[in-house]
Amino acid sequence: MHSAIQLTPSQAFDFLLNVAVTRPVFLWGAPGIGKSALIRKFADTVGMECVSLLGSQLAPEDLLGVPQIDGNCSRFFPPANIVRQEAFVLFLDELNASSHEIQKAFYSLILDRRVGEYHLPADTIVIGAGNRAKDAAIVKPMPSALINRLAHIHLRADHRQWLDWAVAEGGIHAWVLDYIRLRPDHLWNEPPKHEEPFSTPRSWHILSDALHSFGDNLDDIMLEALAFGLLSPAHAGHFKGFVKQIRQKHTLHSILKGDAQWPAEPADRDVLYFLAQSFRGLLRKELPDDEASVRSEHKQLAVRAKDRLRELARISVEIAQSVLAQDEEGNRLPAWFLVEVARDLPRLAARDKFKP
């Protein structure tokens with residue numbers, strides 16, 4: 001299932017409040033992005049119990065019930081977990097990971113809110129959720145008849161909303177909060193095609209819990225094990241460098257002001273690379289793309305940035321050039337700034353790919 005429209009958690013929540021109360025909805029999204037939490041929040045908001053059925057673990061009798069003799073005939077008695085006296089939110093989790101027999105059994109449950117002869121209480125809300133085929137998750141093609149019974153939306157991660165939630169919720173480790181504020185693009189990435197951890201809101205939450213559990217007893221080996229055991233390898237390396245620079249009191253702010261120096265020891269290359277990429281992110285954020293929009297504060301930052309780049313190049317030309325290079329998504333620093341670098345620091349702009 002593909003869609004050009006992807007909703008943030010708050011937009012998806014508004015969609016559920018207005019659509020799920022009248023028609024069944026299916027929420028698509030990558031693993032760990034917050035689908036289940038969003039549906040539980042919806043149930044709490046509408047004041048209903050949330051009953052979850054995990055599609056990947058259901059057998060037909062778990063949904064349809066088993067036959068029993070009732071007088072002169074047999075009847076299917078529904079399972080106790082969906083029999084309620086009052087309306088509730090029925091959450092069909094991993095619906096598209098269930099067998100085709102289970103998916104067919106969902107037809108009447110989703111459209112008519114009925115299982116065999118049993119009807120769900122009036123006003124019961126049915127919401128399904130599942131991963132996409134491209135997520136390297138266990139999924140099965142959804143029959144067209146089932147697709148047509150649901151309104152489909154696609155969820156995407158949003159770092160601002162996640163940070164708002166994390167601050168309001170409390171309990172998220174300060175290192176995780178500060179890192180995501182600094183590198184919001186690292187909150188989530190596409191699941192890899194091979195077996196390795198990858199960054200999601202869920203994996204950052206797990207990392208936060210583990211950091212709290214270790215407390216002051218976290219050494220570098222355990223930090224590395226945690227980061228590389230939960231996050232995408234590139235993000236894990238950056239996070240390790242971030243924590244290390246905190247512990248060594250290297251801060252980008254003090255370096256930019258000239259109150260501190262770039263870490264120059266060979267053992268601190270991970271910290272240096274992290275600071276350099278943070279430096280690049282700050283320049284992309286603060287310097288306007290259009291030269292006509294450049295003001296005095298931008299010129300002052302550009303002058304300081306060239307001084308810091310010169311100092312960085314004395315330690316590592318390669319890392320200094322990585323600040324100027326185009327990133328994996330094709331983003332570059334403003335052309336007018338790169339022109340100034342090429343003029344004032346020709347050594348750093350020596351390669352074609354670093355030229356404006």
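As a reminder, the structure under discussion sits directly above these lines.
These notes cover the structure that comes with them. Please read all numbers here as calculations on a predicted model, not as lab measurements.

Once that is clear, we can look at the pattern of salt bridges. Within this structure, the stated rule accounts for 20 salt bridges. Of the charged contacts in the structure, one is a salt bridge between Arg114 and Asp112, with a shortest N-O distance of 4.0 Å. A residue is classified by how much of its surface remains accessible, and Asp112, at 42% relative accessible area, is partly exposed. With a shortest N-O distance of 3.5 Å, Lys240 and Glu224 are connected by a salt bridge. Of this pair, Lys240 sits in helix H10 (residues 233-247) while Glu224 sits in helix H9 (residues 220-230); the two residues are 16 residues apart in sequence, bridging distant segments of the chain. With relative accessibility at 33%, the residue Glu224 sits in the partly exposed group.

Quick look at the pairing of strand E1 (residues 25-28) now. Here E1 shows no split at all, with Val25 and Leu27 on one side and Phe26 and Trp28 on the other all buried. Summarising the sheet, E1 and strand E8 (residues 125-130) pair through four bridges and their orientation is parallel. Bridging across to E8, Phe26 finds its partner in Gly128. Looking at chain direction, E1 and strand E9 (residues 151-154) are connected through four bridges and run parallel. Opposite Phe26, over in E9, you have His152 as the bridge partner.

What follows is about the sheet that holds strand E2 (residues 50-54). As summarised here, the arrangement of the five strands in space is E2-E5-E8-E1-E9, forming an open sheet in which the pairing is parallel. At either margin of the open sheet sits one strand with a lone partner, and together these are E2 and E9. Going from strand to strand, the sheet's axes swing by 20° on average, the running direction of each strand aside. Bridge count between strand E5 (residues 89-93) and E8: five bridges; the pairing is parallel. Directly across from Leu92, in E8, lies its bridge partner Gly128. Contacts between helix H4 (residues 100-111) and the sheet are confined to E5 and E8, with E5 contributing the most and set at about 155° to the helix.

What counts and how
- Residues numbered from 1 in each chain as written.
- Predicted model: local features only at pLDDT ≥ 70, side-chain atom pairs only at ≥ 80, totals over all residues.
- Heavy atoms only, no water.
- Salt bridge = Lys/Arg side-chain N within 4 Å of Asp/Glu carboxyl O.
- Buried < 20%, exposed > 50% of the residue type's maximum accessible area, 1.4 Å probe, protein only.
- Helix = DSSP H or I, 4+ residues; strand = E, 2+ residues; numbered from the N terminus.
- Pairing = 2+ DSSP bridges.
- Axes fitted to C-alpha atoms, helices over the stretch in contact; angles between N-to-C directions.
- Contact = heavy atoms within 4.5 Å.

Purely spatial values, then, with no claim about function.
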